[in-house]
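# Structural features, examined
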Amino acid sequence: MASIRPHTELGTHEVTNQPPPFEDVDLWEGDAALRGAVEAFGGGMHAGRLSEFGARCGSAEVQDWARQANENPPRLRAFDRYGHRIDEVEFHPAYHALMALGLEAGLSAAGATQEAGNLLHGALMILMTGADAGVCCPMSMTYAAVPALKAEPALAGEWVPRIEAAAYDPRVIPADQKRGVTIGMAMTEKQGGSDVRANTTRAEEQPDGSYRLTGHKWFCSAPMCDAFLTLAQTEAGLTCFLVPRWTPSGERNPMHIMRLKDKLGDRSNASSEIEYHGAYAQRIGEEGRGVRNIISMVQHTRLDCALGSAGGMRIALSHALWHARHRRAFQKALIDQPAMRAVLCDLVIESEAATALSLRLAAGFDRAGSDPHEAAFIRLATPAAKYWICKRQPGLVYEALEAHGGAGFVEEGPMPRLYRQSPLNAVWEGSGNVIALDVLRAAAREPESLKAVAGEIGRARGLDERYDAHADRLEEKNPLGRFDRGGRARLRARPRSRAPGRGPARLRAGFRLRGLLRAEARPLALRPRLWRRGRKRRSGGAARTGRARRAVELPGGGRDGAEHDEGEDPLIGALHPVRHHEEKRRGERPDDRRGLACPCQPVALRRRHGSAEPQDQADEDVECADEPQMQDRAARFAVAVFVPQRDQHDVRREQHQRAAHRP
């Protein structure tokens, strides 16, 4: 909280030109993009509830809770003073206050209990991230555990009502004695990481139908949760289990916390390494179908990764705007300086796009149960959005930090914490390569998901001519046909022959996709002075290059000799408000910068790669009904969607401009 009436007149100088503390700010009313997206996607009935929650998250008290929870990280107490093993983690009171704030607002329960519940959950997640991102981890896992638990009706009947109670009870007691519960996850092991099929934890069935687990887990987030979803090997293969902290007899379950992780960020939340020493567990779903049983959970946690990164972008942008509005430099407020305004506008566009896309997906989750198109759409769009939004977050947060100058690099402020937090969601629930391999599998085996994405692209036709030109180019590579205005994709059956001796078409497409990812799947800088890698080559006396140097007119008449990306097109999408009509009418089109669209550009479905489920040969070792040629074309179309090419007219025009400026 801000200090009350501090001294401003010191012995050597007077303290002036400093922004006021960022507190008592209504995070809901101040975010027009969030309010507009919630209304557009059918969540208007929740506006009052979100307004109250947004004001609370931006209050001075809650912002101070976030500072205290991160400055006082959790501590492991493996034993009590008498030497008894207790495996407990102690948190600062501010952490418990933040947990109560989010859970009692329904962040974990809304998805299953409210109309447009997933959309409400998404908006709550974005606002809660504006308070503290660390506590969102156990809330997200609890939310995502519900669809996984429903695979075992008896367990769902016992645990889901405790989640839907929307209450926080930090006491270390059996779950049936608590007002509400949280659910954690413990999946990966040291030897395998994301390759969960390499897990060695063993599960032995007991006469009463329960299981006993022996083994370890390398990452167990929020180890003070009341139960954990985990994976272990049975005679039939990898199987999903629920491990409660207490056994039915009222004893502590032998799940030992070995140590807490010393992490880069996310310091308010505890992450741990654990061991199972004959831990009591209950099976979820059939034996040997563990990966299949957690697919729905993975979809929901990937949605939350996108939502969390959208929230992280928004709060970083809010701090940058606040600083620029209240700080003066060179006889003007920073926000009125042309160069700073250009940077902030880029960040605003990026943040609004992330908000629109993530909430579009949340609305899709609400409709997926009754609409096959929506179910197919979120199958592919969710991991793609997770990949892209999470990759963009660190670059945006860095730019917001730089907008503060040296003050942004000082630990007393919030920006270092936001910057350390920013890479996390890109790592959690599938890092870039894992996501990219998943999308290839989805494109080959579930062509209906690509068809749904194509339909979404078609719905945006007519809003911007550059978007339409890009959609036209995609049609040339689309194995599913034309993108119609009505959102339909007509199937085009034009099989290709496989070249002899080159291996399966899907494998060849995978190698091409993997090569593209290594070059393209990096967080792109948001400002024009940063560029992608490339090599120059000359032909006919003119420079043809993947990184073109050109002078860029900045607002206010300045020039910035910067290298710009030639490989970026306006973002593909389905819904975004059309803005800046006057600039378009006068022909004052902003430069496309490093993956940022013109402010008038509709934005919803971002390019790049992803899919909804990890590969599991045991569960899914079946080929797509379509021939391998269609798989190859579907995979190449996925590359075309998520790594589009630039309009040739723009390329030729820029080449002529470079040749004219050459000495």
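In every chain, residue numbers begin from 1 and rise along the written sequence. Local features in a predicted model are, by the rule used here, given only for residues with pLDDT of at least 70; side-chain atom pairs are given and counted only at 80 or more, and totals for whole chains, interfaces and linings are based on all residues. With hydrogens and water excluded, all non-hydrogen atoms of the structure serve as input to the side-chain values.

## Things to note about the overall build of the protein
To qualify as a helix, a DSSP run of H or I must reach at least 4 residues; to qualify as a strand, a run of E must reach at least 2; elements of each kind are numbered from the N terminus. In terms of helices and strands, the protein carries 21 helices and 15 strands. Working rule for contacts: check all heavy atoms of both residues, and any pair within 4.5 Å makes them a contact. Within the protein, contacts between residues separated by at least 24 positions form 73% of all contacts whose residues are at least 6 apart in sequence. All accessibility values rest on the Shrake-Rupley procedure with a 1.4 Å probe; residue burial counts only the protein chains present in the view. Carbon together with sulfur atoms contributes 51% to the accessible area of the protein, which is approximately 28500 Å² in total.

## Concerning helix H14 (residues 432–445)
Each residue after the first adds 1.5 Å to the expected span of a helix. In this model, H14 (14 residues) spans 20 Å end to end at C-alpha, consistent with the 20 Å of a helix rising 1.5 Å per residue. Taken across its 14 residues, H14 has 11 buried, putting it largely inside the fold. For each residue, the accessible area found with a 1.4 Å probe, counting protein chains only, is set against the maximum for its type, and the residue is called buried under 20%, exposed over 50%, and partly exposed in between.

## Quick word on the state of the cysteines
What counts as a disulfide here is a pair of cysteine sulfur atoms lying within 2.5 Å. Applying the stated criterion across every chain, the model contains 0 disulfides. The cysteine Cys305 is free of any disulfide, with Cys390 supplying the nearest cysteine sulfur at 5.1 Å. Judged by its relative accessible area of 1%, Cys390 falls in the buried class.

## Side note on the packing of helix H7 (residues 136–149) against helix H9 (residues 290–326)
Each pair of packed helices can be described by the angle between their axes along with the distance between the axes. Between N-to-C directions, angles cover 0 to 180 degrees, with each direction set by a line fitted to C-alpha atoms, over the stretch in contact for helices. Across the interface, H7 lies against H9 with an axial gap of 8 Å and an inter-helix angle of 150°. Here H7 lies roughly antiparallel to H9, going by the angle between them. The two elements H7 and H9 cross, and the hand of that crossing is right-handed. Side by side, H7 and H9 meet where Ser140, Tyr143, Ala144, Pro147 and Ala148 of the first sit next to Asn293, Ser296, Met297, His300, Thr301, Leu303 and Asp304 of the second. If an angle is under 35 degrees, it is roughly parallel; if it is over 145, roughly antiparallel; if it lies from 65 to 115, roughly perpendicular; otherwise it is oblique. The hand of a helix crossing depends on one turn: near helix anticlockwise from the far one by less than a right angle means left-handed, and clockwise means right-handed.

## Some details on the environment of Arg85
Considering the arrangement of structural elements, one finds Arg85 in strand E2 (residues 85–90). Sequence spacing of Arg85 and Pro254 is 169 residues, and the spatial spacing of their C-alpha atoms is 9.4 Å. If we ignore the near neighbours within four places in the chain, the residues touching Arg85 are Ala78, Phe79, Arg252, His256, Ile257 and Met258. There is a polar contact of 3.0 Å between the side chain of Arg85 and the side chain of Asp87. By the criterion applied in these results, polar contacts are pairs of N or O atoms within 3.5 Å in which, for protein atoms, one can donate a hydrogen and the other can accept it, and in which residues neighboring in sequence qualify only through two side-chain atoms. Of note is the side chain of Arg85, whose polar atom sits 3.3 Å from the backbone oxygen of Ile257.

## What about the packing of helix H6 (residues 117–131) against H7?
Running from N to C, H6 and H7 point in directions that differ by 170°, and their axes come no closer than 11 Å. The angle between the axes of H6 and H7 places the two elements in the roughly antiparallel class. Contact residues: H6 offers Asn118, His121, Met125, Met128 and Thr129, while H7 offers Cys136, Met139, Ser140 and Tyr143. Any residue that is not Ala, Val, Leu, Ile, Met, Phe, Trp, Tyr, Cys, Pro, Asp, Glu, Lys or Arg is counted as polar, Gly included; the first ten are nonpolar and the last four charged. Looking at side-chain class alone, the contact of H6 with H7 contains 5 nonpolar, 4 polar and no charged residues.

## A word on the packing of aromatic side chains
Put simply, two rings from Phe, Tyr or Trp (the six-membered ring, in Trp's case) pair if the centres are within 6.5 Å, and we call them stacked under 30 degrees between planes, edge-to-face over 60, tilted for the rest. Per the stated rule, a full pass over the model turns up 4 aromatic pairs. Of note, Arg162 hangs over the ring of Trp159, and the distance from its end group to the ring centre comes to 4.7 Å. We count a charge as sitting over a ring when the NZ of a lysine or the CZ of an arginine lies within 6 Å of the ring centre and within 35 degrees of the ring normal.

## Comments concerning the pattern of salt bridges
Salt bridge, as used here: a side-chain nitrogen of Lys or Arg that lies within 4 Å of a carboxyl oxygen of Asp or Glu. Under the counting rule described, the total for this entry stands at 26 salt bridges. Lys217 is the partner of Glu189 in a salt bridge, and the nearest nitrogen-oxygen pair spans 2.9 Å. One end of the pair, Glu189, is in the loop between strand E3 (183–186) and strand E4 (202–205); the other, Lys217, is in strand E5 (residues 211–221), and 28 residues separate them in sequence. An identical accessibility class is assigned to Glu189 and Lys217; each is buried. A salt bridge links Arg461 to Asp472, with the nearest nitrogen and oxygen atoms 2.9 Å apart. A residue pair is termed long-range when its members are at least 10 positions apart, and Arg461 in the loop between helix H15 (447–459) and helix H16 (465–477) and Asp472 in helix H16 qualify at 11 residues. Through salt bridges that share partners, Arg360, Glu374, Glu456 and Arg459 make up one connected network.

## What about unusual backbone geometry?
In this structure, Arg5 is a non-glycine residue whose phi angle is positive, near 45°. On the secondary structure map, Arg5 appears in the segment before helix H1 (32–40). In this model, Asn17 sits at a positive phi of 55°, which is unusual for a non-glycine residue. Turning to its location among the elements, Asn17 is positioned in the segment before H1.

## Brief notes about the environment of Tyr280
Mapped onto the elements, Tyr280 comes out in strand E9 (residues 271–284). For the pair formed by Tyr280 and Leu242, sequence separation is 38 residues and the distance between their alpha carbons is 8.8 Å. Not counting chain neighbours up to four residues away, the residues in contact with Tyr280 comprise Ser210, Tyr211, Arg212, Leu242, Val243, Pro244, Thr247, Pro248 and Asn253.

## What about H15?
Across its 13 residues, H15 extends 19 Å between first and last C-alpha, which sits within 8% of the 18 Å expected from 1.5 Å per residue. Burial within H15 is extensive, with 10 of its 13 residues counted as buried. Residues Pro447, Ser449, Leu450, Ala452, Val453, Ala454, Gly455, Glu456, Ile457 and Gly458 constitute the buried set of H15.

## Here's the deal with the nonpolar core
Only buried residues count toward a nonpolar core, which is a set of Ala, Val, Leu, Ile, Met, Phe, Trp, Tyr and Cys residues joined through side-chain atoms within 4.5 Å. With 141 residues, the main nonpolar core has Met128, Leu149, Trp159, Leu229, Met297 and Leu359 as its most contacted residues. With 16 residues, the top contributor of residues to this core is H9.

## Side note on the pairing of E2
In this analysis, strands are considered paired if DSSP registers two or more bridges between them. Sheet topology places strand E1 (residues 75–79) next to E2; 4 bridges connect them, and they run antiparallel. Opposite Leu76, over in E2, you have Val89 as the bridge partner. Between E1 and E2, which pair antiparallel one after the other, the connecting turn spans 5 residues, and Gly83 there sits at a positive phi close to 95°.

## Here's the deal with the confidence of the model for the protein
Close inspection of predicted coordinates is inappropriate for parts of the model with low pLDDT. Here pLDDT means the predictor's own confidence in every residue, given as a number from 0 to 100. A residue-level look at the protein finds 72% of positions with pLDDT of 70 or above and a mean pLDDT of 79. Low pLDDT, under 50, characterises residues 487–586; the stretch is placed with 241 contacts to residues that sit more than four places away or in other chains. Note on residues 588–647: pLDDT under 50 across the span, and 233 contacts to partners over four residues away in sequence or across chains.

## Section: the side chain of Asp132
Assignment of secondary structure puts Asp132 in the loop between H6 and H7. Residue Asp132 is classed as buried on the basis of its relative accessible area, which comes to 2%. Polar contacts involving the side chain of Asp132 include one to the side chain of Ser268, which spans 2.8 Å. Excluding residues that lie within four positions of it along the chain, Asp132 makes contacts with Ala66, Asn70, Leu98, Ser268 and Arg417.

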